[in-house]
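Listed below, chain by chain, are the residues.
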There are 2 protein chains.
Amino acid sequence: MTVKVITVGEKILGANEEKAKVNKKRLDKFGILTINIMSSPGAGKTSLILSTIKHLREKTRIAVIEGDVASSIDAEKVNALGIPVVQINTAGGCHLDANMVESGLNSLPLEDTDLLFIENVGNLICPNNYALGEDIKLMIASLPEGDDKPYKYPAMFADTDVVLLNKTDLEPYLDFNIDAFKKVVTGLNPDVIIFPVSCKTGAGLEVWFSWLESALKGKKSK
Amino acid sequence: MTVKVITVGEKILGANEEKAKVNKKRLDKFGILTINIMSSPGAGKTSLILSTIKHLREKTRIAVIEGDVASSIDAEKVNALGIPVVQINTAGGCHLDANMVESGLNSLPLEDTDLLFIENVGNLICPNNYALGEDIKLMIASLPEGDDKPYKYPAMFADTDVVLLNKTDLEPYLDFNIDAFKKVVTGLNPDVIIFPVSCKTGAGLEVWFSWLESALKGKKSK
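In what follows, the accompanying structure is described. Please read all numbers here as calculations on a predicted model, not as lab measurements.

Two copies of one chain are present, and they are related through a rotation about an axis combined with an axial shift. Mapping chain B onto chain A calls for a screw motion: a turn of 180° about the axis and a shift of 0.0 Å along it, with 0.0 Å RMSD after fitting. Taken together, the rotation angle and the small translation identify this as a two-fold axis. In this assembly the copies share their binding face: 100% of the residues contributing to the interface of chain B also contribute to that of chain A.

See the structure below:
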């Protein structure tokens, strides 16, 4: 009998990739556009989800998976809007993984869903390493965090499809150079789409909604 | 030959605890007060360190270990003030550990240091699980992150010695209830000390400086 050697990191990541593909296939079968939302704690993931639900719910069937280390505060906010939602508590884990998302999918009405938001755990590092089965990776950066974050967390900015730059309403009170930020992010990730928005005032959200509606149409026509 | 079973999590954490004790003993030998600073990305760890250096440098010999996933932006800011500093890049790792700090200590003039700041990687989850050899765990929360963070990241708030609540200058523009925040944090952690401050305007920092000077005296008298 030979001793099997397991390199933990690769094994876990490889198994996660496989499970993410299974999730993706399942979601594709129902034509569900799936967006994995990542950010620092408090950058505005839930605010973006709530604003988007309010805008799109008349024409789009939305569901949400909420990921948090603890609590169900965010899921309760989504539930209050009458949207199907499941809360995943990671019990100390600093990111969602594809297995957790699979459990979430088992509790959602996939046949009645066009758009699925997966709100990841608030963390700018590890969520980026775990595919969940999403179509789109979206990260939120927020002005109070400072315009140097792309230098410090380059992998997250380099890999994402969309950057929502939130809390632009605070610009007058902060030293945040939006043009410099965009330049650095585009340098790391030439194909990225950047939306400066304020989930609080609604500024800039129309552009995000339009883009999302196009993406929904693109998914349905596949 | 029997196959050795290694439970990775426990093994790593156990080994880390041992190394942290070695670091602590080494730092105690020189009478160095060591503070492990943790927070979300962009909450103000470096700003607090820079403000404190400017205030205390005439009477206190300070050194800094900067932890980041990538870049040396923060270390350069400290270096510009002429303070001994070493940058640790974790290459994707989401927290510092005691081994990394040991490497940092090897590059610092410990015999000429009274106060050591260790700036952890920006993350509200994993840094809390890794002792580094510090005397004091300090976490920074900031108003733009929202007053619900203690519910979502309870372990970090429950285990820290000090919470610095930064960016109070933005209070007029945010829906952050400072009293409610204090109540929740104290519920999780009855012995915690909370300092509301603005590293930008300097508001509240005098109280932090006084507390820190007392802690420095306490360490020297041991």
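Here the focus is the environment of B:Glu171. Residues and elements named next belong to chain B. Structurally, Glu171 is set in the loop between β6 (162-166) and α7 (178-188). Under the relative-accessibility criterion, Glu171 is labelled partly exposed at 36%. Along the backbone, Glu171 and Asn106 are 65 residues apart, and their C-alpha atoms lie at a distance of 42 Å. When sequence neighbours within four positions are dropped, the list of residues in contact with Glu171 reads Leu143, Phe176 and Ile178.

This part takes up the side chain of B:Asp97. Residues and elements named next belong to chain B. In this fold, Asp97 is placed in the loop between β3 (85-89) and α4 (98-106). An unpaired buried charge is present at Asp97: no salt bridge exists, and Lys19, the closest side chain of opposite charge, is 9.1 Å distant. For Asp97, the side chain forms a polar contact with the main-chain nitrogen of Asn99, separated by 3.1 Å. Of note is the side chain of Asp97, whose polar atom sits 2.9 Å from the backbone nitrogen of Met100. Once residues lying within four places of it in the same chain are set aside, the contact partners of Asp97 are Asn16, Tyr130 and Leu132.

Residue and element names in this part refer to chain B. Within β6, five of the five residues are buried, which leaves it mostly tucked inside the rest of the structure. Here β6 shows a buried face lined by Val162, Leu164 and Asn166 and a second buried face lined by Val163 and Leu165. For β6 and strand β7 (residues 193-196), the ladder comprises four bridges, and the chain directions are parallel. Residue pairing across strands places Val162 opposite Ile193, the latter belonging to β7. As a crossover connection, the stretch from β6 through α7 into β7 is right-handed.

Contacts between chain B and chain A engage 35 residues on the former and 35 residues on the latter. Between chain B and chain A, a total of about 2700 Å² is buried, with carbon and sulfur atoms accounting for 62% of that surface. When the buried surface of chain B facing chain A is broken down by residue, B:Pro41, B:Lys152 and B:Tyr173 rank first, second and third, together holding 22% of it. Along the contact surface separating chain B from chain A lie four salt bridges. B:Lys200 is the partner of A:Asp175 in a salt bridge, and the nearest nitrogen-oxygen pair spans 4.0 Å. In this assembly, chain B and chain A are joined by eight residue pairs in polar contact (both at pLDDT 80 or more).

Here we come to the sheet that holds β3(B). Residues and elements named next belong to chain B. Spatially, the seven strands line up as an open sheet ordered β3-β2-β4-β1-β5-β6-β7, and their pairing is parallel. Two strands lie at the open edges of the sheet, namely β3 and β7, each paired on one side alone. When strand polarity is set aside, the average angle formed by the axes of neighbouring strands in this sheet is 20°. Contacts from α4 reach β2 (62-68), β3 and β4 (115-119) within the one sheet, and its direction differs from that of β3 by about 150°. Across the sheet, helix α8 (residues 205-220) is in contact with β1 (33-39), β4, β5 (136-142), β6 and β7; its angle to β1 comes to roughly 140°.

This next bit is on helix α2 (residues 45-56) of chain B. Residues and elements named next belong to chain B. Here α2 is twelve residues long and its end C-alpha atoms lie 16 Å apart, about the 16 Å a rise of 1.5 Å per residue gives. In terms of burial, α2 is largely enclosed, as nine of its twelve residues are buried. Of the residues making up α2, those classed as buried are Lys45, Thr46, Leu48, Ile49, Leu50, Ser51, Thr52, Ile53 and Leu56.

Analysis parameters
Residues numbered from 1 in each chain as written. Chains lettered and ligands numbered in written order. Predicted model: local features only at pLDDT ≥ 70, side-chain atom pairs only at ≥ 80, totals over all residues. Heavy atoms only, no water. Least-squares fit on C-alpha atoms with pLDDT ≥ 70 in both. Contact = heavy atoms within 4.5 Å. Helix = DSSP H or I, 4+ residues; strand = E, 2+ residues; numbered from the N terminus. Buried < 20%, exposed > 50% of the residue type's maximum accessible area, 1.4 Å probe, protein only. Lys, Arg positive; Asp, Glu negative; His and termini not counted. Salt bridge = Lys/Arg side-chain N within 4 Å of Asp/Glu carboxyl O. Polar contact = N/O pair within 3.5 Å; in protein donor to acceptor, adjacent residues only side chain to side chain. Pairing = 2+ DSSP bridges. Right-handed = clockwise from strand over helix to strand, strands pointing away. Buried area = accessible area lost by both parts, 1.4 Å probe. Axes fitted to C-alpha atoms, helices over the stretch in contact; angles between N-to-C directions. Expected span 1.5 Å × (residues − 1).

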